[in-house]
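Listed below are the residues making up each chain.
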Amino acid sequence: MTAVQKMAAAAPALLLLSGARTFASSSRTLFLSSSRRRISALRSGVPAWKPCAVSSPSVPAPEATAEAKKRASEEEPEKEEEEEIVLPTNESSEKLLRIRHTCAHVMAMAVQKLFPGSKVTIGPWIDNGFYYDFDMEPLTDKDLKRIKKEMDRIINRNLPLLREEVSRDVAQERIMALNEPYKLEILESIKEEPITIYHIGNEWWDLCAGPHVDSTGHINKKAVELESRIYGTAWETEEQLKAYIHFKEEAKRRDHRRLGQELDLFSIQDDAGGGLVFWHPKGAIVRHLIEDLWKNVHLQCGYDLLYTPHVAKVDLWKISGHLDFYKENMYDLMDVEDELYQLRPMNCPYHILVYKRKLHSYRDFPIRVAELGTVYRYELSGSLHGLFRVRGFTQTREKSVGSDEIWEKATAALKDALDDKGWDYQIDEGGGAFYGPKIDLKIEDALGRKWQCSTVQVDFNLPQRFDISYVDSNSEKKRPIMIHRAVLGSLERFFGVLIEHYAGDFPLWISPIQARVLPVTDNEMQYCGEVLSRLKSYGIRAEICHGERLPKLIRNAEKQKVPLMTVVGPKEVETKTVTVRSRFGGELGTMAVEEFIRKIQSAIENRTRL
């Protein structure tokens, strides 16, 4: 039995529904989510997502530009590479967690020594380091340097970290003596007793449950750095800190928000509102290519396409449970001729209405439908983040609805499917969507970051809530199950991941502009127009740029990350040729337009580059 058939074994028939977040992509990390659990695992033998269309040619062109040579050397290092630094996490290294937690206390001690009167609030470890919140005047970069020097002095003194247990009354007296109002609030939130306090020597203390290193001397001061007000990063070794700083710089270089503006891919207009994405022509053509591929794959696999409305009467969302369990993520109701309507936060209830329009037989199954539909989620303005957190379309964690029996049945179906595939998994508590458990798959980008895009969810709840049925072989009515499948996550978020994975330097086949035609002077414009028309007649995305000297036209094309440039001068006009320049291979020589077209077509077909 296939994995899908294993899922279907939990019910007599299978209704496959694919929402607005569907696309084919490779994956490496796998998650299964149940009502209070999510299951995660690293698949063995499955390669990480690699930029398949950006491998350098085996022998660069001899006249390649310095920039192209530098890029090639970066992308294809020599065999003798430096040893890769693997950055540990708080989960993988208890030592690192203790270091970071202790660094938070050392930082707070340093701040209060340098800035008497400053008040501390909370100060835990975080994914890449630590932080403390303070009630004080804003800090400058100069202040951060002073704080780091004071932290180094505290570390050098090798002061012990001492744990003390006290009663709630004693803790309250000590806090009031220090005039620390925020610590009183923290004390009130602590329900367990006794209260634990950690001291740095006999000079500073805070309410804390630990854990910590034995003494400040166990911290490598060269592996600690303050980053902002007032966050810090801490590692076990100086080499790990350097690797982390390099990672941060590379992540900044790949930031999709900056590249989206520089490459004119998309924008979020304040005049229209936060979290609403405007796809510019270059970004829109990439989206078009993704959507076309998505549609073709689904049609080949037996799916039918749907287009459904953006709003519906509020009764639909009452039946689905969204109004009760998901209201905080939905926009306010709209009054339309004395009837209440709601912007859709999801597509699945619409698909059920399409299913209910007629009676189905067991012979009809599986039924597969797919939609690229925009949904609307209310997100606080402070949580919006480029394409990764938008109001036009996003994913959030959800509450649960339905009986424990239904959830356990759905979870068992997903586990069976995973076991059938031979994939390892782990439980992740609280990761399920509100109407069913799910399998979440993560893809790994060029920096090793994992992005959760794909999800598969078994749903026994919505079929029950909408009372849908089919007729089995005995002419009896039975309840189908639904499988929600979203392979992309969302077009917006997936596009943001693509931008950062490729650093905006898209492979030739998906590049918004594949070739730019550059005349040496305006005298060649007529022939450039003929070349452009010929390229476009073969579906090649090309444009003409002129009005500047040729070196500047080439630099501009490089900055815009255009893969190919065709230079046209008097000689090319006379011989009806073009001189081709590649961002990666440098000068590719002079060739007939038809030959250039054939090379592009071959590279696109094979997902390679020139």
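Residues numbered from 1 in each chain as written. Predicted model: local features only at pLDDT ≥ 70, side-chain atom pairs only at ≥ 80, totals over all residues. Heavy atoms only, no water.

So, on to the sheet that holds strand 18 (residues 339-343). Ordered in space as 16-18-17, the 3 strands form an open sheet in which the pairing is antiparallel. The outermost strands of the open sheet, each flanked by one partner alone, are strand 16 (311-313) and strand 17 (334-336). Here the average twist between neighbouring strands, direction ignored, is 40°. Where strand 16 lies against strand 18, 3 bridges are found, and the strand directions are antiparallel. Each bridged residue has a counterpart across the sheet, and for Val-311 the counterpart in strand 18 is Leu-343. (Pairing = 2+ DSSP bridges. Helix = DSSP H or I, 4+ residues; strand = E, 2+ residues; numbered from the N terminus. Axes fitted to C-alpha atoms, helices over the stretch in contact; angles between N-to-C directions.)

Going through the model one piece at a time under the given rule, you end up with 32 salt bridges. Between Glu-94 and Arg-98 there is a salt bridge; the shortest N-O distance is 2.8 Å. Within this pair, Glu-94 and its partner Arg-98 are both found in helix 3 (residues 94-114), separated by 4 residues, close to a single helical turn. A salt bridge links Arg-168 to Glu-193, with the shortest nitrogen-to-oxygen separation between them at 3.0 Å. Within this pair, whereas Arg-168 is found in helix 5 (residues 168-178), its partner Glu-193 is found in the loop between helix 6 (181-189) and strand 9 (195-200), the two being separated by 25 residues in sequence. For Glu-193, a relative accessible area of 52% corresponds to the exposed category. Look at the salt bridges and you will find they share partners, linking Lys-113, Glu-150 and Arg-153 into a network. (Salt bridge = Lys/Arg side-chain N within 4 Å of Asp/Glu carboxyl O. Buried < 20%, exposed > 50% of the residue type's maximum accessible area, 1.4 Å probe, protein only.)

This next bit is on the packing of helix 16 (residues 525-537) against helix 19 (residues 593-605). Orientation of helix 16 relative to helix 19, taken along the N-to-C sense of each, is 35°, at an axis distance of 11 Å. Once helix 16 is placed against helix 19, the crossing between them reads as right-handed. From helix 16, Tyr-527, Val-531, Arg-534 and Leu-535 reach across to helix 19, where they touch Val-593, Glu-594, Phe-596 and Ile-597. (Left-handed = near helix turned anticlockwise from the far one by under 90°. Contact = heavy atoms within 4.5 Å.)

All right, on to the pairing of strand 10 (residues 204-207) then. Both faces of strand 10 are covered, namely the face carrying Trp-204 and Asp-206 and the face carrying Trp-205 and Leu-207. Two elements, strand 9 and strand 10, share 4 bridges in a ladder whose sense is antiparallel. In the sheet register, Ile-200 faces strand 10, and the bridge partner there is Trp-204. Between strand 9 and strand 10, which pair antiparallel and follow one another directly, the connecting turn spans 3 residues, one of which, Gly-201, has a positive phi of 55°.

Okay, the sheet that holds strand 8 (residues 161-166) next. Read across the open sheet, the 3 strands follow the order 8-9-10; overall the sheet is antiparallel. Bordering the open sheet on either side are strand 8 and strand 10, each of which pairs with just one other strand. Each neighbouring strand pair of the sheet contributes to a mean axis angle of 25°, computed without reference to strand direction. Judged from the 6 bridges that link them, strand 8 and strand 9 form a sheet pairing that is antiparallel. By the bridge assignment, Glu-165 is partnered in strand 9 with Thr-196. The sheet strands contacting helix 6 are strand 9 and strand 10, and the helix crosses strand 10 at an angle near 40°.

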